[in-house]
Amino acid sequence: MKRMLSGIKPTGQLHLGSYIGALHHFVEYQDQYEMFAFIANLHCITVPQEPEQLKKNLYDCVALYLACGLDPNRATIFLQTDVKEHAQLGYIMCCNTYMGELNRMTQFKDKQAKGEKNLSGGLYTYPALMAADILLYDPDYVPVGEDQKQHVELTRDVAARMNNRYGELFKLPEPLIGKVGARIMSLSDPTRKMSKSDGINKGCIYLLDDLDAARKKVMSAKTDSLNQIRFDPENQPGVSNLIQIYSSLNNDRPYSAIEEEFAGKGYGDFKSAVADSVCTTLEGIQKKYREVTTSGMIEDVLQAGAAKARPIAAAKLDLVQRALGMEIHF
Ligand code: TYM
């Protein structure tokens, strides 16, 4: 069975973009692949966090993995810091990644361009840690949204360079980007990605949003004055974003079928249908979330997941350190 690995960094609440672009693919693929899904808590602290809030976000992230349908009997679910090899291989990857490569990563460049002050060193080197997260497990595929593709490509480049220099250490992973919804945009500004840093902005639908609030966000989504439901991201970014959301929440329904369904109808009707799909999805997730959080199973799931992940990660780190001449055995 081929292996798949991915993670989410819960710096805030998970939202519809992370669900459509990533999480629902983890669930979809867990039968066909050996699935490793982790919570990237080392990545969280690359930006300042309030400890109590971070703890809650981590807990909610695991609960939402389960509520969205990840099954701990099929998938290995773990917290990054429970497998210490991530940080150690992360350091080794950092030493094998060029500053020129890190300088090209758009996420850091964007933050720098916004003039944000006191950006941390960890934020700059975080793609090297992400490479370690992946390479520790030799996955064949890494399911991610469009914004993470560049990081998986960097992972391949650094892995190939190290394989060349030190012998076969790592399998080169492929990014797996969904055909629909790889980049869900903000509802209030469809030229920007829907993102956790939106705060309580009405452009972002959180998976734990109150259903009425979620419906209102969809109903007030920015559209245009063309009054036609057509997939045309350049000229109708808002409508096209809603089409993607609707398609993804309805088994990747073809855009042409959606255009036909709403031919001659107004934006109100269309938004209502999108809101229904969003609310049905959220309602199901929230019901399971409540079951999971009262079941007391989260700690057990993390313990079992870490126990499965650790030996794999330890063997890989040992292989790498030996190949680099870093170990003396006793
Ligand atoms: P993160 O936490 O920012 O996002 C988690 C996943 O959700 C996808 N995503 C989106 N997809 C579509 N539309 C959106 N608006 C949207 N927003 C987020 C992201 O592409 C991602 O797949 N660095 C990673 C976490 C990570 C990781 C890894 C992932 C750490 N190590 C190893 C894979 C493998 C991140 O910050 O994702």
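Remember, predicted model here, so these are calculated numbers, not experimental data.

## Some remarks on the overall build of the protein chain
Step number 1: From N to C terminus, the protein chain includes 13 helices and five strands.
Step number 2: For the protein chain, the C-alpha radius of gyration of 21 Å lies close to 20 Å, the compact-globule estimate for 330 residues.
Step number 3: For the protein chain, the C-alpha atoms occupy an extent of roughly 75 × 45 × 40 Å along the three principal directions.
Step number 4: Expressed as a percentage of the 330 residues in the protein chain, the buried residues total 50%.
Step number 5: For the protein chain, the share of sequence-separated contacts (at least 6 apart) that also reach a separation of at least 24 residues comes to 75%.
Step number 6: In the structure as shown, the protein chain presents an accessible area of about 15,600 Å², 51% of it carried by carbon and sulfur atoms.
Step number 7: Computed over 38 positive and 41 negative side-chain charges, the inter-centroid distance for the protein chain is 3 Å.

## Remarks on the packing of helix α4 (residues 85-95) against helix α13 (residues 298-323)
Step number 1: Look at α4 against α13: their axes get within 10 Å of each other, and the N-to-C directions meet at 25 degrees. The orientation of α4 relative to α13 falls into the category roughly parallel. Relative to α13, α4 is oriented so that their crossing is left-handed. Taking contact as the criterion, the partners of Glu85, Gln88, Leu89 and Ile92 in α4 are, on α13, Ala313, Ala314, Leu317, Val320 and Gln321.

## Observations regarding unusual backbone geometry
Step number 1: You will see that Asn118, though not glycine, has its phi angle at about 55 degrees, which is positive.
Step number 2: Along the chain, Asn118 turns up in the loop between α6 (106-113) and α7 (121-135).
Step number 3: The class of Asn118 is exposed, set by a relative accessible area of 79%.
Step number 4: Even without a glycine there, the phi angle at Asn251 is positive, about 55 degrees.
Step number 5: Within the element layout of this structure, Asn251 appears in the loop between α10 (237-249) and α11 (255-261).
Step number 6: What makes Asn251 exposed here is its relative accessible area of 75%.

## Notes on the site of the ligand
Step number 1: Of all residues adjacent to the ligand, which total 28 residues, the nearest are Lys9, Asp133, Asp147, Ile184 and Lys196.
Step number 2: At 2.8 Å from an oxygen atom of the ligand is found a main-chain nitrogen or oxygen belonging to Lys9.
Step number 3: Bound to the protein, the ligand loses 98% of the 710 Å² it would expose on its own.

## Section: the pairing of strand β1 (residues 3-8)
Step number 1: The buried count for β1 comes to five of six residues, which makes it a mostly enclosed element.
Step number 2: In this structure, β1 lies alongside strand β2 (residues 34-39), joined through six bridges in parallel fashion. Of the residues in β2, the one forming a bridge with Arg3 is Glu34.
Step number 3: In this region the chain leaves β1, passes through helix α1 (residues 16-29) and returns to the parallel neighbour β2; the handedness of that crossover is right-handed.

## Points about the pairing of β2
Step number 1: The buried fraction of β2 amounts to five of the six residues, a majority that puts the element mostly inside the structure.
Step number 2: As judged from the four bridges shared by β2 and strand β3 (residues 76-79), these two strands associate in the parallel manner. Bridging from a neighbouring strand, Phe36 pairs with Thr76 of β3.

## Thoughts on the pattern of salt bridges
Step number 1: Scanning the entire structure with this criterion turns up 16 salt bridges.
Step number 2: Between Asp209 and Lys217 there is a salt bridge, with its nearest N and O atoms 2.7 Å apart.
Step number 3: Since its relative accessible area comes to 10%, Lys217 is described here as buried.
Step number 4: Asp232 is paired through a salt bridge with Arg230; the nearest N and O atoms lie 3.1 Å apart.
Step number 5: Residue Arg230 is classed as partly exposed on the basis of its relative accessible area of 37%.
Step number 6: Through salt bridges with shared partners, a single ionic network connects Asp31, Asp71 and Arg74.

## Quick notes on the packing of aromatic side chains
Step number 1: This model, assessed by the stated rule, comprises eleven aromatic pairs.
Step number 2: Taking the centre distance of 5.6 Å and the plane angle of 85 degrees together, the rings of Tyr29 and Tyr33 count as edge-to-face.
Step number 3: When the ring centre of Tyr98 is taken as origin, the NZ or CZ atom of Arg161, which lies over that ring, is 3.8 Å away.

## Here's the deal with the side chain of Ser186
Step number 1: For Ser186, the position within the fold is in the loop between β5 (174-176) and α9 (211-219).
Step number 2: Of the residues examined, Ser186 reaches a relative accessible area of 0% and is grouped as buried.
Step number 3: Polar contacts involving the side chain of Ser186 include one to the main-chain amide nitrogen of Asp189, which spans 3.1 Å.

## Things to note about the state of the cysteines
Step number 1: With the rule as written, the count across this model stands at zero disulfides.
Step number 2: No disulfide involves Cys95; its sulfur sits 6.0 Å from that of Cys94, the nearest cysteine.
Step number 3: No disulfide involves Cys279; its nearest neighbouring cysteine sulfur is the one of Cys204, lying 15 Å away.

About the cut-offs
- Residues numbered from 1 in each chain as written.
- Predicted model: local features only at pLDDT ≥ 70, side-chain atom pairs only at ≥ 80, totals over all residues.
- Heavy atoms only, no water.
- Helix = DSSP H or I, 4+ residues; strand = E, 2+ residues; numbered from the N terminus.
- Rg over C-alpha atoms; globule rule 2.2 N^0.38 Å.
- Buried < 20%, exposed > 50% of the residue type's maximum accessible area, 1.4 Å probe, protein only.
- Contact = heavy atoms within 4.5 Å.
- Areas by Shrake-Rupley, 256 points an atom, 1.4 Å probe, with all protein chains shown as cover.
- Lys, Arg positive; Asp, Glu negative; His and termini not counted.
- Charge placed at Lys NZ, Arg CZ, Asp CG, Glu CD.
- Axes fitted to C-alpha atoms, helices over the stretch in contact; angles between N-to-C directions.
- Parallel < 35°, antiparallel > 145°, perpendicular 65-115°, else oblique.
- Left-handed = near helix turned anticlockwise from the far one by under 90°.
- Near = heavy atom within 4 Å.
- Polar contact = N/O pair within 3.5 Å; in protein donor to acceptor, adjacent residues only side chain to side chain.
- Pairing = 2+ DSSP bridges.
- Right-handed = clockwise from strand over helix to strand, strands pointing away.
- Salt bridge = Lys/Arg side-chain N within 4 Å of Asp/Glu carboxyl O.
- Phe/Tyr/Trp six-rings, centres within 6.5 Å; stacked < 30°, edge-to-face > 60°.
- Lys NZ or Arg CZ within 6 Å of the ring centre and 35° of its normal.
- Disulfide = S-S within 2.5 Å.

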